[in-house]
Each structure stands twice: as structure tokens, then as C-alpha cells.
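# Report on the structure
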Amino acid sequence: MRFTVTPLCPSLRRWLPALSAVWLLAGCATNPVTGESDYVLMSEQQEVALGQRYNRQILKEMPPYEDAKLNDLVQSIGEQLAAHSHRQGLDYSFTIVDSPTVNAFALPGGYIYITRGMLAYLNSEAELAAVLGHEIGHVTARHSVRQHSAQTTASVVGAVVSVATGIQGVDDLTDMAGTAIVRGYGREHELEADRLGAQYMARSGYDPDAMLEVIGILKDQETFEKKRAREESREPHVYHGLFATHPRNDARLQEVVRAARTHKTGTSTRINREGFIRSLEGLPFGDCTSEGIVRGNRMYHETLDFTIAFPSGWQIDNREDLVVASPDNGDGLMQLRMVELEKRMPARDVMTKLMQLDNLKRGEKISSHGMNGYTAIASEKTRSGTLPVRHIVLIREKTAWIFSGTAKDSRNPYKYDRQIIASAKTFRPLKDSDRKYARSNRLHIIRAGGDTRYRELAGKTPIDRYAEEQLRLLNDQYPQGEPRKGQLIKTVR
């Protein structure tokens with residue numbers, strides 16, 4: 001991407017010195033870690049209030065994982081680390097969010113989150129402490145606050161430029177603070193969080209070498225995800241700061257860990273591998289029952305009581321408010337979403353009144369599994385140009401189920417039309433025999449025998465793709481390791 005540099009106009013040049021003076025006066029604060037002055041635009045009280053507000057929003061979008069024992073473990077470890085941090089006075093909150101993604105992040109004021117997807121790949125209490133310590137480091141160094149201040153300043157500058165130059169849209173900026181929170185803050189801030197996290201681990205009695213072990217585990221997970229994404233012709237979904245900025249054998253990170261050992265207290269170090277692994281018994285692995293389960297090309301949703309089969313070989317992306325499916329080569333798209341109706345209405349009216357489609361063609365009534373519906377084609381603007389989009393609406397009681405799909409090739413826009421219609425007609429309520437497929441896979445802990453092999457274990461799991469690789473990743477033995485006799489290992493059932 002290239003940026004076009006627009007010269008400052010004279011009026012803007014007159015305003016900048018005054019604005020700079022205001023920002024410098026407003027932004028004088030002492031960094032709790034370094035003791036040096038930081039450029040921030042909020043007090044600690046404002047930081048905590050901001051974190052409280054964001055926390056409420058996060059928990060609406062990402063519900064907590066309901067397991068009191070596991071949540072107590074995460075909170076306890078987090079509090080021990082925070083008690084040895086540079087900001088011991090904050091009221092820290094540590095929450096497991098019910099998401100299969102591999103992630104952890106921190107909000108201003110001490111709100112720290114780790115996904116159950118991240119927990120599944122960890123193999124000791126010390127590794128969990130490494131992840132939480134890293135996120136505490138972001139809080140103590142006020143990385144999100146400093147990023148928020150930079151974003152606020154950038155927004156002000158953008159607004160001023162827009163007014164002074166007459167160029168509209170200059171202040172339409174990306175929310176840098178929010179992006180950094182979930183994707184990382186850049187190499188220097190991430191390394192600082194590693195350094196602080198390793199120190200807090202050592203002061204709490206944990207082995208800071210676990211920081212390096214976590215890097216290795218998640219680098220393996222990242223390698224596998226990128227390989228899988230290439231095979232499935234999609235973008236990889238990878239974790240943010242803790243390893244994204246580090247190569248596997250990062251000399252600077254190794255130096256950070258070695259330096260942290262000088263903060264060690266006592267003669268022993270806490271690792272607790274077996275106790276931690278046993279605590280993961282029953283942890284959901286992959287999709288959550290309440291969000292819907294994808295198995296092969298079929299999706300099962302127990303909460304909403306439906307199942308649907310997408311075209312064979314298509315990739316399914318189960319998002320928060322809709323389901324998106326596309327062929328491997330990405331030249332088509334189909335999506336499913338639901339709309340609750342205030343009162344029952346004909347399916348065609350859903351298209352014309354709610355969806356506001358006024359150019360319907362080839363419209364006709366359809367029915368499927370006892371549901372009445374309507375299908376038609378509408379010309380719509382997409383990223384690939386104006387294309388004919390197939391819409392199908394099925395009515396079940398006071399809910400409209402809306403299917404939309406198209407091919408992205410303007411020369412062959414009806415390439416997937418029959419498949420889209422056929423897929424929508426597989427939509428139906430769950431049968432009793434479906435319900436076992438609509439429930440989450442879960443971790444099950446076993447002790448390996450002398451002849452235990454991942455290939456055999458993979459054949460006994462419900463994981464339908466890459467089962468052997470997934471089991472090795474879960475147990476930090478990717479890509480070719482095998483269980484050792486007597487080792488506690490995670491399986492999936």
C-alpha cells in the first residue's frame with residue numbers, strides 16, 4: 001500500500017504548535033515500569049474506567065467459559081503473578097472466554113482474557129503462567145493506554161486535517177488501539193511484555209523457561225495452521241503478540257528469559273505438568289455446542305435446532321452472526337443468517353420489505369421440510385462487481401432463515417446456483433439421531449502405554465480432518481513425536 005503525502009496548508013501549520021503544546025501538557029505521566037515519562041492522555045482512574053467499559057462489551061461478544069474450577073485456577077495464578085508486578089494495586093480480573101481460537105489479550109486497567117482454545121494447547125501450569133505474565137506485562141507497561149493515546153491523537157490530527165484541507169475522509173482511521181489489543185503491539189512492546197512476564201514468573205516461583213516452551217508450542221500451531229490454510233485456500237488464523245513477533249530461536253527472547261532468572265526466589269521452580277493437564281479434562285475442543293458444530297460439510301446447531309449440508313468440499317466459516325461457505329478456490333460464496341420476525345410474514349415480503357430487494361428476477365415459491373419459502377435472484381454490487389445473487393428465504397414459525405449465494409466470476413455467475421439451492425433445501429430441524437453430532441468434542445486425559453501411538457488414537461477421535469496432527473499439537477509433540485510410556489496425554493472424544 002502506498003500513501004499520498006499532502007503538503008500542509010498554511011492554516012494547519014499555524015494550528016499544529018498550539019495543538020502540540022496542549023497534547024504535551026495533557027500527556028505527562030510516569031511509566032510504572034521504567035519510571036520515565038510516558039505520553040498518555042488518561043489517568044489510572046480513567047484507565048480502569050475504560051477497561052471496565054470495554055470489559056462489559058467483550059463479555060457480550062465473547063461469553064465466559066463456565067467452569068468454576070478452571071476459572072479459579074486461572075484467576076489464582078494470575079493474581080500470584082500480579083502480586084509481584086509493577087502495578088500491584090490494580091484489581092486484576094482473569095477470564096477464560098468460550099472461544100476455540102488460540103489467543104490471549106489484555107484491556108486497560110487489568111482485564112486479562114485467555115481463550116479455552118489457548119488453554120487446550122498448554123501443557124503445564126508454568127506455561128499458563130507464561131501467557132498470563134505476558135499479558136500482565138502489557139498492563140503494567142500501559143501498552144494499551146499508550147496505544148489508545150496515540151490513536152486519540154491520530155484521530156484529532158485527522159479531524160484537523162479534514163477541516164483545514166477540505167479533504168473528506170482523512171479522519172476515517174483504523175481503531176489502532178483495538179487492533180493492537182487483539183493482534184499485538186509491535187516487536188518492542190511485545191518483547192517488553194515478555195521480559196516483564198518472565199520476571200513476574202521468576203518472582204512467583206515459576207520457571208521462566210516456560211516462556212520459551214510456549215513460543216515453541218504456538219509456533220508449531222502456527223506452522224500447522226499455515227500449512228492447513230494453504231491446503232484449504234484460505235487465510236490462516238494465527239495468535240497475536242506472544243509468538244507472532246518472535247522466530248522460534250529468538251536470541252533476544254532467550255536473553256530476556258536468562259535475565260529473569262536473577263529474580264528467582266527460593267531453590268525450587270513450579271511447573272506442575274500433570275496437575276494442570278488433569279484440570280483440562282472435559283474442556284471443549286473446537287466449536288462450541290451453543291455456537292454450532294461443523295463436521296465435514298454439515299453443520300449442526302443444537303441451540304437453534306437446525307442442521308444444513310453445504311456443498312461437498314466447501315470450507316465453512318462459522319461466524320458470530322452468520323455462516324459463510326465457499327469452495328476451495330474461493331470463486332463462490334454462500335451465507336446463512338437468521339432474522340427474528342415480529343410477526344409471521346410471507347417469505348417474499350422478507351426479501352422486499354426487510355432485505356429491501358426491489359429488482360427480483362426468476363422468483364418462485366419453494367418449500368422444504370415443512371417450511372414455506374421463496375427464492376429469487378437480485379443484481380447486487382459486490383467486491384467482484386455487479387453480480388446476480390441467489391436469495392432463498394425459508395420461514396419457520398417467527399424466524400426467517402436467509403440463504404444468499406453467488407459465483408464471483410462475472411463470465412459464469414450461475415456456476416454454483418444449483419448447489420446453493422440444493423444446499424438450502426437440506427436445511428431442517430435436528431432429528432434425535434443428529435444430536436450427538438451437535439455437541440462439542442472434549443479433551444480426555446489418558447496415560448500412555450508403551451505401545452500408544454497417535455495414529456491409533458486419531459482413529460478413535462471424532463476429529464474429521466488432521467486428527468493425528470491435532471493430537472501431536474495438543475501434546476507438544478508435533479510434527480512427528482510419539483507418546484512416552486507413562487506420559488499423561490490429551491486425546492479428544
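Preceding this section is the structure that the text describes.
As the structure is a prediction and not an experimental result, all values here were calculated from the model. (Residues numbered from 1 in each chain as written. Predicted model: local features only at pLDDT ≥ 70, side-chain atom pairs only at ≥ 80, totals over all residues. Heavy atoms only, no water.)

## Structural notes on the overall build of the protein chain
Rules: Under the scheme used here, helices are H or I runs from DSSP no shorter than 4 residues and strands are E runs no shorter than 2 residues, and both carry numbers assigned from the N terminus. Relative accessible area decides the class of each residue, using a 1.4 Å probe on protein chains only: under 20% of the type maximum gives buried, over 50% gives exposed, and in between gives partly exposed. Any pair of residues with heavy atoms lying within 4.5 Å of one another is described as a contacting pair. Shrake-Rupley sampling with a 1.4 Å probe provides the accessible areas, and residues are treated as covered by the protein chains on show and by no other component.
Regarding its fold elements, the protein chain presents 16 helices and 18 strands. Per-residue burial over the protein chain gives 49% buried out of 493 residues. Long-range contacts, defined as pairs at least 24 residues apart, comprise 66% of the intrachain contacts of the protein chain with a sequence gap of at least 6. Here the protein chain has roughly 24200 Å² of accessible surface; of this, 49% comes from carbon and sulfur atoms.

## Regarding helix α11 (residues 251–260)
Side chains of residues three or four places apart in an α-helix project in the same direction, reflecting 3.6 residues per turn. Our working definition: Summarising the geometry, the arc corresponds to the directions from the helix axis toward the C-beta atoms.
Buried within α11 are the following residues: Leu 253, Val 256, Val 257 and Ala 260. Along the long axis of α11, the arc covered by the buried residues comes to 95 degrees, so they all point the same way.

## A few points about the packing of aromatic side chains
For the record, the criterion: Only Phe, Tyr and Trp rings are paired, with Trp represented by its six-membered ring, and only when their centres lie within 6.5 Å; those with planes under 30 degrees apart are stacked, over 60 edge-to-face, the remainder tilted. Here, a charge over a ring means that NZ of Lys or CZ of Arg falls within 6 Å of the ring centre while also lying within 35 degrees of the ring normal.
All told, the structure shown has eleven aromatic pairs when counted by the stated rule. An angle of 45 degrees between the planes, with centres 4.8 Å apart, marks the rings of Trp 401 and Phe 427 as tilted. Separated by 26 residues along the polypeptide, Trp 401 in strand β16 (residues 399–407) and Phe 427 in the loop between α14 (417–424) and β17 (441–447) bring together distant segments of the chain. Exposure class is identical for Trp 401 and Phe 427. Each is buried. An aromatic cluster is present here, built from Phe 306, Trp 401, Phe 403 and Phe 427 joined pairwise through their rings. Looking at Arg 362, its charged tip hangs above the ring of Tyr 414, at a distance of 5.0 Å from the centre.

## Regarding the pattern of salt bridges
Filter applied, for reference: A pair is scored as a salt bridge if a Lys or Arg side-chain nitrogen falls within 4 Å of a carboxyl oxygen belonging to Asp or Glu.
Going through the model one piece at a time under the given rule, you end up with 22 salt bridges. Between Arg 439 and Glu 302 there is a salt bridge, with the nearest N and O atoms lying 2.9 Å from each other. Remark: Glu 302 occurs in the loop between β8 (298–301) and β9 (306–309) and Arg 439 occurs in the loop between α14 and β17; sequence separation between them is 137 residues. For Arg 439, a relative accessible area of 41% gives the class partly exposed. The partly exposed category is assigned to Glu 302, whose relative accessible area is 23%. Where salt bridges share partners, they join Glu 44, Glu 47, Arg 87 and Arg 142 into one cluster.

## A word on the nonpolar core
The test is simple: Residues belong to one nonpolar core when they are buried, are Ala, Val, Leu, Ile, Met, Phe, Trp, Tyr or Cys, and are joined through side-chain atoms within 4.5 Å.
Core analysis: the largest hydrophobic core is formed by 64 residues, its most contacted members being Leu 81, Ile 114, Leu 119, Leu 122 and Leu 128. Sort the elements by how many residues they give to this core and helix α5 (residues 125–140) lands first, with eight residues. Non-local contacts of Leu 119, meaning those with residues more than four positions away in its chain, are made with Leu 70, Ile 96, Ile 114, Leu 128, Phe 276, Leu 280 and Leu 283.

## As for the sheet that holds strand β6 (residues 284–285)
Spelled out, the test is: Here, a strand pair is defined by DSSP locating no fewer than two bridges between the strands.
One open sheet holds the three strands; their spatial order is β6-β17-β18, and the pairing between them is antiparallel. Where the open sheet ends on each side, the last strands, each with one partner, are β6 and β18 (488–492). Both β17 and β18 contribute to a ladder of five bridges, which runs antiparallel. By the bridge assignment for β18, Arg 447 is matched with Leu 488.

## Here's the deal with the packing of helix α9 (residues 210–232) against α11
The criterion, for reference: For helices, the fitted axis covers only the stretch in contact; all axes are lines through C-alpha atoms, and the angles between them, taken along N-to-C directions, range from 0 to 180 degrees. Here is the rule for angles: anything less than 35 degrees is roughly parallel, anything more than 145 is roughly antiparallel, 65 through 115 is roughly perpendicular, and the remaining ranges are oblique.
Axis separation between α9 and α11 bottoms out at 9 Å; the angle between their running directions is 150 degrees. On the basis of their axis angle, the class for α9 and α11 is roughly antiparallel. Residues Met 211, Leu 212 and Ile 215 of α9 form the contact with α11, whose participating residues are Leu 253, Gln 254 and Val 257.

## Description of the pairing of strand β4 (residues 104–107)
Burial along β4 is two-sided: the residues Ala 104 and Ala 106 and Phe 105 and Leu 107 are all buried. Here β4 runs beside strand β5 (residues 111–115); their pairing, made up of four bridges, is antiparallel. Its bridge partner being in β5, Leu 107 is matched across the sheet by Tyr 111. Taking the residues between adjacent antiparallel strands as the criterion, β4 and β5 are bridged by three residues, where Gly 109 takes a positive phi near 85 degrees.

## As for the sheet that holds strand β3 (residues 93–97)
Reading across the sheet, the three strands line up as β3-β5-β4 and stay open at both edges, with mixed pairing between neighbours. Bordering the open sheet on either side are β3 and β4, each of which pairs with just one other strand. Strand-to-strand twist in this sheet, taken as the mean axis angle between neighbours without regard to direction, amounts to 20 degrees. Contacts from helix α3 (residues 68–82) reach β3 and β5, with the element oriented near 145 degrees to β3.

## Some details on the packing of α3 against α5
What counts is decided by this rule: Crossing handedness is defined as follows: a turn of the near helix away from the far one that is anticlockwise and smaller than a right angle gives a left-handed crossing, while the clockwise case is right-handed. We call Asp, Glu, Lys and Arg charged. Ala, Val, Leu, Ile, Met, Phe, Trp, Tyr, Cys and Pro are nonpolar, and the rest, Gly among them, are polar.
In contact at an axis separation of 9 Å, α3 and α5 are set at 60 degrees when each is read in the N-to-C sense. One element, α3, and the other, α5, form an angle in the oblique class. With respect to the hand of their crossing, α3 and α5 are arranged in right-handed fashion. On the side of α3, the interface is formed by Leu 73, Val 74, Ile 77, Gly 78, Leu 81 and Ala 82, while α5 contributes Glu 125, Leu 128, Ala 129, Leu 132, Gly 133 and Ile 136. Grouping the amino acids of the contact of α3 with α5 by side-chain chemistry returns nine nonpolar, two polar and one charged.

## Focus: the side chain of Gln 221
Note that Gln 221 resides in helix α9. With residues up to four places along the chain from it excluded, the contact list for Gln 221 reads Val 102, Tyr 121 and Leu 473.

## Notes on the environment of Gly 51
Its location among the elements puts Gly 51 in helix α2 (residues 44–61). For Gly 51, a relative accessible area of 0% gives the class buried. A C-alpha to C-alpha distance of 5.3 Å links Gly 51 and Gly 109, two positions 58 residues apart in sequence. Each residue touching Gly 51, except ones within four places of it in the same chain, is listed here: Leu 107, Pro 108 and Tyr 111.

## A short note on unusual backbone geometry
The step from Tyr 478 to Pro 479 runs through a cis peptide bond, and the omega angle for that step is 10 degrees. By the secondary structure assignment, Pro 479 is in the loop between α16 (467–474) and β18. With phi around 55 degrees, Gln 356 is a residue other than glycine that occupies positive phi space. Within the fold, Gln 356 resides in the loop between α13 (347–354) and β13 (361–368). The class for Gln 356 is exposed, based on a relative accessible area of 64%.

Function cannot be inferred from these measures alone, as they are strictly geometric.
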